[in-house]
Amino acid sequence: MRHGIHPVSRPVVFRDRAAGFQLLTTSTVDTHATVEWEDGTTYPVVDVEISSASHPFYTGTSRVVDTAGRVERFRRRYGTTAPVRP
């Protein structure tokens, strides 16, 4: 491995403010903001918008999609060209 061409890997805290979740891991991301971790050590911090603590797939919450409204809007816009068979 050549010296001086690879980014420095260091401990970094990834923080999801919406869920109040923090994860300490190693990363090469460069950030100037810092946060004090549970052990009293200060680490660089990266704020993320979605994590496993707030993502609907992992939390089991799902969004309701209004499919009936989409179908009615399509029919209003384009109409029906052939009679609908039961």
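Please refer to the structure placed before this passage.
Report follows, based on the coordinates. Since the model is a prediction, treat every value here as computed from it, not as a measurement.

Taken together, the 4 bridges between strand 1 (residues 10-16) and strand 4 (residues 42-48) define a ladder with parallel strand orientation. In the sheet register, Val13 faces strand 4, and the bridge partner there is Val45. Where strand 3 (residues 34-36) and strand 4 come together, 3 bridges link them in antiparallel fashion. Bridge assignment links Thr34 to a residue of strand 4, and that residue is Pro44.

The next point concerns the packing of aromatic side chains. Under the criterion given, the structure shown has 1 aromatic pair. A centroid spacing of 5.0 Å and a plane angle of 50° characterise the contact between Phe74 and Tyr78, whose relative ring orientation is tilted. Of the two residues, Phe74 and Tyr78 both sit in helix 2 (residues 67-78), 4 residues apart, roughly one turn of that helix.

As a further point, take the sheet that holds strand 3. For sheets, the rule is that strands pair by backbone hydrogen bonds, running either parallel or antiparallel. The mixed open sheet is built from 4 strands, whose spatial order is 2-1-4-3. Sheet topology places strand 2 (21-27) and strand 3 at the edges, where each strand pairs with a single neighbour. Each adjacent strand pair in this sheet contributes to an overall mean axis angle of 45°, direction not counted. When strand 1 meets strand 2, the two strands line up antiparallel, connected through 7 bridges. Within the sheet, the bridge partner assigned to Val13 lies in strand 2 and is Leu24.

With respect to the element layout, Ser27 can be found in strand 2. On the basis of relative accessibility, which here comes to 16%, the residue Ser27 falls in the buried class. Within polar-contact distance, the side chain of Ser27 engages the backbone nitrogen of Val29 at 3.1 Å. Aside from chain neighbours lying at most four places away, what touches Ser27 is Val8, Ser9, Arg10, Val12 and Phe14.

Reading the values: the criteria
Residues numbered from 1 in each chain as written. Predicted model: local features only at pLDDT ≥ 70, side-chain atom pairs only at ≥ 80, totals over all residues. Heavy atoms only, no water. Pairing = 2+ DSSP bridges. Helix = DSSP H or I, 4+ residues; strand = E, 2+ residues; numbered from the N terminus. Phe/Tyr/Trp six-rings, centres within 6.5 Å; stacked < 30°, edge-to-face > 60°. Axes fitted to C-alpha atoms, helices over the stretch in contact; angles between N-to-C directions. Buried < 20%, exposed > 50% of the residue type's maximum accessible area, 1.4 Å probe, protein only. Polar contact = N/O pair within 3.5 Å; in protein donor to acceptor, adjacent residues only side chain to side chain. Contact = heavy atoms within 4.5 Å.

Note that all results are geometric; they support no functional claim without further evidence.
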